[in-house]
Amino acid sequence: MSKKYIIVTCICTLISLVFGIISNDIVIGGIILLTGLLCAYFASEGKRINYILGLINYILMGYVSFKNNLYGIFFFYIFIFSPLQVQGFITWNKNLSDEKNVKVREFTLKNSIIITLSCIIGSLILGYLLTLIPSQRLAFMDASSNCINLCGIVLMILRFKESWWLWLINNVIDLGIWIITFASKGEGSTMMLLVSIGYLVINIYGIIKWNIEAKKGKIENEK
C-alpha cells in the first residue's frame, strides 16, 4: 500500500474515532463512517478494495435505516446493494490495468437519457409503494435515493465514470434525508449525516479524478 493510502486511512480512522466518541456511537456509527469514507475514496482511486468496505458499510447502514423506519433504504441496502458489492469486486478484478487500477469507461448521450428516465420512473413507482407502508417516513426521498444509488452502483460495476454524477445527486438527496432525521433525533442519524457529508466531498473528488483520467486517454469508449 502506498504512503498516500496509508495516510488517508489513518486520517479517516482518526475522524471516525473522534466523531464516534463525540456522538457516543463509536461502534456501529464509527465503523459506518470509516468504511463509508474509505469505500468512496478507494472507489475514486479505482481500487477494488472499495467493494469489501462497501459490503460492510451497506449492511450496517441497512440496520440503522431499519431502526429509523426507512424501509426502502433498508431493503435496497441489504438485499440489493450488498450482493452487488460482491459482483462489483469480481467484475473489477477482471478489468485491471497494469497499475492494478480498474479500466474505466464513458458512455453516450443516449445512455444518459435512458438512465435519467429510469431513475425518475423508478423513483415515482417505488415512492408510491413505500407510501403504502404505514410507518414509512420520507417515502419519495427514500425512493429517489435508492433508485439513483442503484443506477450509480450498476454503472460503477460496469466501470462508467458517469456513476460519480449520479452519486453526487444521490448524496444531495441523502443529505436532506439525514438532516431531517437528525433534526428529529433519529437513532444513529448523527453518523449517517456525517457519512453523507463525507460521501459528498469524496464524490466531487471522484468526478475530478476520473475526468482527469479521461483526458489522459485512459478511459475506454462505450460500445
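Here the structure is shown first, and the text comes after it.
Overview of the structure. (Residues numbered from 1 in each chain as written. Predicted model: local features only at pLDDT ≥ 70, side-chain atom pairs only at ≥ 80, totals over all residues. Heavy atoms only, no water.)

What follows is about the pattern of salt bridges. As enumerated under the stated definition, the model contains 3 salt bridges in all. Put simply, lysine 4 and glutamate 45 hold a salt bridge, and the shortest N to O gap is 3.3 Å. Residue lysine 4 is found in helix H1 (residues 3-22), and its partner glutamate 45 is found in the loop between helix H2 (28-44) and helix H3 (49-67); the two are separated by 41 residues along the sequence. The exposure class of glutamate 45 is buried, given its relative accessible area of 6%. Ionic pairing is found between glutamate 162 and lysine 161, a salt bridge with its closest N-O pair at 3.9 Å. A relative accessible area of 15% means that glutamate 162 is categorised as buried. If you follow the salt bridges from partner to partner, you end up with Lys4, Glu45 and Lys209 in one network. (Salt bridge = Lys/Arg side-chain N within 4 Å of Asp/Glu carboxyl O. Helix = DSSP H or I, 4+ residues; strand = E, 2+ residues; numbered from the N terminus. Buried < 20%, exposed > 50% of the residue type's maximum accessible area, 1.4 Å probe, protein only.)

Not every positive phi belongs to a glycine, and asparagine 24 is a case in point at roughly 60 degrees. By the element assignment, asparagine 24 lies in the loop between H1 and H2. Unusually for a residue other than glycine, asparagine 69 sits at a positive phi of about 60 degrees. Looking at the element boundaries, asparagine 69 is found in the loop between H3 and helix H4 (71-93). Assessed through its relative accessible area of 27%, asparagine 69 is described here as partly exposed.

Close contact between H2 and H3 brings their axes to 8 Å; oriented N to C, the two are set at 145 degrees. As for how H2 packs across H3, the hand of that crossing is left-handed. Mapping the contact onto sequence places Ile28, Ile31, Ile32, Thr35, Gly36, Leu38, Cys39, Phe42 and Ala43 in H2 and Ile49, Asn50, Leu53, Gly54, Ile56, Asn57, Leu60, Met61, Tyr63 and Val64 in H3. In terms of residue class, the contact of H2 with H3 is built from 14 nonpolar, 5 polar and no charged. (Axes fitted to C-alpha atoms, helices over the stretch in contact; angles between N-to-C directions. Left-handed = near helix turned anticlockwise from the far one by under 90°. Contact = heavy atoms within 4.5 Å. Nonpolar A, V, L, I, M, F, W, Y, C, P; charged D, E, K, R; others polar.)

Next up on the list: the layout of surface pockets. Space inside the second largest pocket adds up to approximately 190 Å³. Along the walls of the second largest pocket sit Phe107, Ser112, Ile115, Thr116, Cys119, Ile120, Ile148, Leu155, Glu162, Trp165, Leu166 and Ile169, which together make up its complete lining. For the lining of the second largest pocket, the secondary-structure elements that each account for two or more residues are helix H5 (109-131), helix H6 (139-157) and helix H7 (163-183). At 5 residues, H5 tops the list of elements feeding residues into the lining of the second largest pocket. Of the residues belonging to the lining of the second largest pocket, the class tally is 9 nonpolar, 2 polar and 1 charged. (1 Å grid on protein atoms, 1.4 Å probe; cavity = no way out; pocket = protein on both sides within 12 Å on 5 of 7 lines; lining within 4 Å. Points joined across faces, edges and corners; volume = space filled by probe spheres on them.)

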